[in-house]
Amino acid sequence: MDINQLPLEVLQEILSYLSYDELKVASLVCHRWNQASGTFIVRNGQLSIHEQVVKNLEMVRNSTRNYQSILIYRISKWEQLQAVVSECMQKFPNVRKLYLAGVLQDYLDRFYRAYRRWMERLEFLQVSLDDRFENLFVCEPEDYILTLPNLKQLYWKECLYGHGEKTVTIDAPGLEFVHIDDSLDASAVLRIPHCERLKYIRCMFYTKHFDDIFVGDFGNVETLILNIVHDKCNVSCLSKMHQLRYLSLHFGNAMNYLQEVEAMPNSKLLKVLIIRSDSRSLDKCTLNLEKIIGKFENLETLDLFGINLTANNEIQADQLVFLKLREVTFSKNSILNAPKLKTLSLELDMLNYLQLRENKHLFELYVDLQVSIYNDSFEQIICTFLQEHKHIKNLTLGRVSSGEVLVQDDFIYDRIVESVEHLELHRFDVPINFFRLLAGWKSLKSLKLVACTINCSGMWNDVVRLPGVERIIVDCVQLRGTSRTDFPILLVNGANQEVVTKWNDSTLFFSTNKLIHKEYKFRQFSCPEIDPMF
């Protein structure tokens, strides 16, 4: 059947699955496709207004799209801002989204009073304030209110205001989503008095506290992401949030905040808990893991960084699926019972003494090796763990921090792993003998090497064949200890898949994906549950 014979409503439904860029291409096919895609282009498209548009307002007047989203970017002169916004009001009276980038905070109240009816229609507002300089001072009230009855989403980025206190109150009873980036200047304050419908809060605090901004009842918040940089930390708001499903806390030098976490009321709703401490103190914050797991009995994702963990008894985590531990200390005698655990990400030292019981679903293992690998590290720790947990199919080894992991040249390999199907090595300097060991891993189907060096010392023109491997991915891999220019690892059919690439006509790298200029990062267990914003 010809797609053009479909009813317009059906064609619109098909086109609704396309991205914005794909919709723009589809709109050029014919008049009918243009009509079908026009609604989605208007809904998802955005008109960007900058200095060139200000100098030629005909670009706004002659627009053929009834845009509902407008970005106004760094127009510092009020007369220019007034001229372009007046045109937009006439041309686009039903704007739903407004982005104000680089606007002066003194201009914000004047902007609102001049175009109040236009702004009261907004459902989405993003304000990125600019630094205040002496020659741009405007005599505006120190405290003012923006009443936005239809606003549901607010993005607010503060500025270095200079001197003189300024308080902005956002009166938006229907607000559901708030994202705030604080500044180093405590003189400018944002207040949100209506929090009853808030479900999502994400904040970066340099100088302020949660209670400085949010006033009233915020008991319906389901997602809370706080990044608090300053030393004096106040997270007493946690005790009032009974509907939390997702909680992420990132602290700088705070030392006592975990007491507030442990004091939270018991909840069967919390699914994701992320806590990161970047304290430079030698004494890390302490968290009773047994108490936390018992308090949030349906917790599925746990991600901890820079914390001392304690427990008095075996920990029973019946619903835990994702576990990520970085720079964490834990009692060597502690035992974790996590029967549903699917993904484990941790450092090599932690893997050495973490005891997992009652687990038959562990599928993925990510290990940050941090330092050089010796024979006992790989054989006695990694291989032993893999043999104890025979359900692991995906294994990723690498180094999160900069620098390569050096595998000793006198490495001896004799441990065969029978479960791993996919192996990834990131930032490795590994001898060729390691790949001869992999030839005995009969279950191995896929191999990926990223930013690695292969030590071919003592190897002439012979190659290592991996009989069971069906696919090999090579990104920025270099050979050392040899002058050969061919890749020394082949699949069972003898076919090389790599593309040879040169840097500066001197250094030879191998790649299958042609991603030579990519910045390689070892990403530990980046599952969607970690951050709903991405």
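Residues numbered from 1 in each chain as written. Predicted model: local features only at pLDDT ≥ 70, side-chain atom pairs only at ≥ 80, totals over all residues. Heavy atoms only, no water.

Enquirer: Give me the lowdown on the overall build of the chain, citing residues and values where you can.
Expert: Scanning the chain from terminus to terminus reveals 14 helices and 35 strands. Within the chain, buried positions represent 51% of all 534 residues. If you take every contact in the chain between residues at least 6 apart in sequence, the share linking residues at least 24 apart comes to 57%. Looking at the chain as shown, the accessible area adds up to about 25800 Å², and 47% of this sits on carbon and sulfur atoms. (Helix = DSSP H or I, 4+ residues; strand = E, 2+ residues; numbered from the N terminus. Buried < 20%, exposed > 50% of the residue type's maximum accessible area, 1.4 Å probe, protein only. Contact = heavy atoms within 4.5 Å. Areas by Shrake-Rupley, 256 points an atom, 1.4 Å probe, with all protein chains shown as cover.)

Enquirer: Kindly report on the sheet that holds strand β16 (residues 307–310), identifying the contributing residues and their values.
Expert: A sheet is described by the order of its strands in space; here three strands give the open sequence β14-β16-β19, paired in parallel fashion. Among the strands making up the open sheet, the edge pair consists of β14 (285–288) and β19 (329–330). The pairing of β14 with β16 spans four bridges and is parallel. Across the sheet, N288 pairs through a bridge with T310, a residue of β16. (Pairing = 2+ DSSP bridges.)

Enquirer: Before we move on, can you summarise the confidence of the model for the chain with the specific residues and values?
Expert: In the predicted model, the chain carries a mean pLDDT of 78, and the fraction of residues at 70 or more is 75%. Averaged over each element, pLDDT in the chain is lowest for strand β34 (residues 499–503) (57) and highest for strand β8 (residues 177–181) (92). Contacts for the low-pLDDT stretch residues 133–137, under 50 throughout, to residues beyond four places or in other chains number five contacts. Contacts of residues 524–534 to residues separated by more than four positions or lying in other chains number 38 contacts, the stretch itself having pLDDT below 50. (pLDDT = per-residue confidence, 0-100.)

Enquirer: Run through the packing of aromatic side chains, naming residues and quoting values.
Expert: As enumerated under the stated definition, the model contains eight aromatic pairs in all. Ring-pair connections join several aromatic residues into one group, and the members of that group are Y99, F124, Y155, F177 and Y200. Lying across the ring of F124, K97 places its NZ or CZ 5.5 Å from the centre. The ring of F305 carries R276 above its face, with NZ or CZ at 3.7 Å from the centroid. (Phe/Tyr/Trp six-rings, centres within 6.5 Å; stacked < 30°, edge-to-face > 60°. Lys NZ or Arg CZ within 6 Å of the ring centre and 35° of its normal.)

Enquirer: Give a description of the nonpolar core that names residues and reports values.
Expert: Counting residues in each nonpolar core, the largest one holds 144 residues, and the members touching the most others are F111, F214 and F435. Sort the elements by how many residues they give to this core and helix α13 (residues 375–388) lands first, with six residues. With near-sequence residues (within four places) excluded, F111 lies in contact with I72, W78, L81, V85, L98, L100, W118 and M119. Among the nonpolar cores identified, the runner-up in size contains eleven residues, and F177, Y200, Y246 and V272 belong to it. (Core = buried A, V, L, I, M, F, W, Y, C linked by side-chain atoms within 4.5 Å.)

Enquirer: Talk me through the side chain of E347; I want residue IDs and the actual numbers.
Expert: Locating E347 in the fold gives a position in strand β21 (residues 343–347). There is a polar contact of 3.1 Å between the side chain of E347 and the backbone nitrogen of E327. (Polar contact = N/O pair within 3.5 Å; in protein donor to acceptor, adjacent residues only side chain to side chain.)

Enquirer: Quick rundown of helix α6 (residues 78–91)? Include the residues and the values.
Expert: With 14 residues, α6 ought to run about 20 Å at 1.5 Å a step, and its terminal C-alpha atoms sit 20 Å apart, in line with that. Burial in α6 covers these residues: W78, L81, V84, V85, E87 and C88. (Expected span 1.5 Å × (residues − 1).)

Enquirer: Now, about the pattern of salt bridges: what can you tell me, with residues and values included?
Expert: Opposite charge on two side chains permits pairing when their charged atoms draw close. Within the structure shown, the criterion is met by twelve salt bridges. Salt-bridge contacts for K271 lead to E300; the nearest nitrogen and oxygen are separated by 3.8 Å. With K271 in the loop between α10 (258–262) and β13 (272–277) and E300 in the loop between α11 (289–295) and β15 (301–305), this residue pair connects regions lying 29 residues apart in the sequence. With a relative accessible area of 31%, E300 lands in the partly exposed category. Sharing partners across several salt bridges, the network here consists of R326, E347 and D368. (Salt bridge = Lys/Arg side-chain N within 4 Å of Asp/Glu carboxyl O.)

Enquirer: Tell me what's going on with the side chain of D109, and back it up with residues and numbers.
Expert: For D109, the location among the structural elements is in helix α7 (residues 105–114). Classification of D109 by relative accessible area gives buried; the value is 4%.

Enquirer: Go over the sheet that holds strand β22 (residues 355–357) with me, naming the residues and quoting the values.
Expert: Ordered by their spatial adjacency, three strands build an open sheet running β17-β20-β22, and the pairing between neighbours is parallel. Lying at the two open borders of the sheet, with one neighbouring strand each, are β17 (315–316) and β22. Looking at chain direction, β17 and strand β20 (residues 335–337) are connected through two bridges and run parallel. Along β20, the bridge assignment pairs Q316 with N337.

Enquirer: Describe unusual backbone geometry, naming the residues involved and giving the relevant values.
Expert: Positioned with a positive phi, A451 is a non-glycine residue whose angle comes to about 55°. The topology assignment puts A451 in the loop between β28 (446–450) and β29 (453–455). Residues other than glycine seldom take positive phi values, yet C476 does so here, at roughly 55°. For C476, the position within the fold is in the loop between β31 (471–475) and β32 (478–480).

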